[in-house]
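Read off the chains here:
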Amino acid sequence: TDQDLLSLGGMFLEPMWVFTRAGLGIQSFGDLKSARMSIGPPGSGTRALALQMRAEWGSDWGQSSSLGLASMEARAALLDGRIDAAVFVSSVSAPYIRDLLENPDIALVPFERAEAIARRSPALAPNLLLRGVLDIGEDLPANNIPLVAPVAQMLVAEETHPAIQAILLEAASDIHGESSLLATAGTFPDVTLTDVKVSPEAKRYFENGPSALRRWFSFGMANFLERAWVLAIPLLTLMIPMIRVAPPIYRWRVRRRIYVWYSDLRDLEAKGRSAKTEEERLQITRQLDQLQAEVGKVDVPLSYTDDLYRLRSHIEFVEGLILRLNRAASIA
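We now turn to the structure provided with this report. (Residues numbered from 1 in each chain as written. Predicted model: local features only at pLDDT ≥ 70, side-chain atom pairs only at ≥ 80, totals over all residues. Heavy atoms only, no water.)

On to the pairing of strand S1 (residues 5-13). In terms of burial, S1 is largely enclosed, as 7 of its 9 residues are buried. Direction of pairing for S1 relative to strand S7 (residues 145-157): antiparallel, over a ladder of 6 bridges. Bridging across to S7, leucine 13 finds its partner in valine 151. (Buried < 20%, exposed > 50% of the residue type's maximum accessible area, 1.4 Å probe, protein only. Helix = DSSP H or I, 4+ residues; strand = E, 2+ residues; numbered from the N terminus. Pairing = 2+ DSSP bridges.)

Structural data, given as structure tokens:
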């Protein structure tokens with residue numbers, strides 16, 4: 001359904017061509033109400049547009065103005081005189097369109113109120129077929145002819161991933177953004193020429209242009225970075241306190257490697273003071289020497305070496321204290 005589709009914008013024009021046999025005095029589409037006219041087979045886009053145009057000019061159309069011939073059949077019937085007019089919705093480059101434009105017995109009906117028609121239908125655009133645009137030398141067409149043209153749109157399912165939509169939009173800009181016989185460069189794609197809800201990704205693309213990240217990163221990485229900004233604010237909010245608390249945590253971790261030895265040093269000092277024999281005190285001094293050697297292997301940043309050497313001096317102080325206690329006990 002239309003509710004499940006999104007438009008990526010109008011991509012190109014396919015004019016509505018209304019050809020009649022010359023000499024019938026047809027000046028506008030409304031003059032064809034009683035003509036024998038083919039408006040395309042049932043179910044075709046050509047027929048739907050022709051019926052829309054008939055409604056714009058009123059409802060009193062004859063039965064003969066609803067013939068359902070296919071394009072090539074309608075062309076042959078028009079050239080043979082079996083019908084008075086035929087409606088086509090086709091590219092300007094279609095061979096049978098050029099053949100009919102070149103035929104002096106066939107006339108192209110202008111839409112003088114193309115601007116007004118387009119205002120009444122968002123998916124239609126006014127278009128001016130410029131004099132000589134098909135062939136300068138042959139002066140084809142010989143006059144500026146106003147036309148009304150349906151806009152071919154690119155539709156995607158509503159659940160299509162924005163990254164896929166971005167790829168399609170970039171490709172569409174490369175393919176349809178160039179100048180053509182009916183439009184100047186940069187006219188398409190166009191999100192204003194659509195009667196289907198426009199995709200948010202298409203709006204972003206046409207407002208901001210293709211992302212600069214696509215020029216520097218792979219598609220997957222660029223797509224991730226384009227959407228990562230949504231997470232940037234909460235991440236920064238979390239990072240600020242983390243940055244502030246990081247230096248104290250780092251200092252604590254470095255100093256902890258030093259201060260953990262003070263517990264052993266305090267236990268050895270208590271044992272040395274309570275030792276009863278010389279052998280016990282000598283055993284404690286040997287443990288203090290081992291402790292000094294182990295502390296000497298501790299690696300800390302230069303800014304924390306004063307803490308390390310303070311510990312080593314304290315170990316030496318405790319060892320000297322135990323030795324003095326040992327000498328005092330010997331003298332006693």
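The discussion continues.
Strand order in the open sheet made by the 3 strands is S1-S7-S6, with antiparallel pairing throughout. Single-partner strands in this sheet number two, and they are S1 and strand S6 (124-129). Averaged over all neighbouring strand pairs, the angle between strand axes comes to 40°, with direction disregarded. On top of the sheet, helix H5 (residues 162-176) reaches S1 and S7; it is set at about 10° to S1, its chief contact. (Axes fitted to C-alpha atoms, helices over the stretch in contact; angles between N-to-C directions. Contact = heavy atoms within 4.5 Å.)

A cluster of nonpolar side chains, namely Leu231, Leu235, Leu236, Leu238, Met239, Met242, Ile243, Val245 and Ile249, defines an oily patch on the protein surface of about 880 Å² accessible area. Tracing the backbone shows isoleucine 249 in helix H7 (residues 219-274). Classification of isoleucine 249 by relative accessible area gives partly exposed; the value is 43%. (Patch = residues over 30% accessible without salt bridge, like charges linked within 9 Å, V, L, I, M, F, W, Y side chains within 5 Å. Areas by Shrake-Rupley, 256 points an atom, 1.4 Å probe, with all protein chains shown as cover. Salt bridge = Lys/Arg side-chain N within 4 Å of Asp/Glu carboxyl O.)

Following both chains from N to C, one finds H5 and helix H6 (residues 200-208) inclined at 45°, their axes separated by 9 Å at the closest point. In terms of orientation, H5 and H6 fall into the oblique class. When you trace H5 past H6, the crossing you get is right-handed. Every residue of H6 that contacts H5 at Pro162, Gln165, Ala166, Leu169, Glu170 and Ser173 is listed here: Glu201, Ala202, Tyr205 and Phe206. (Parallel < 35°, antiparallel > 145°, perpendicular 65-115°, else oblique. Left-handed = near helix turned anticlockwise from the far one by under 90°.)

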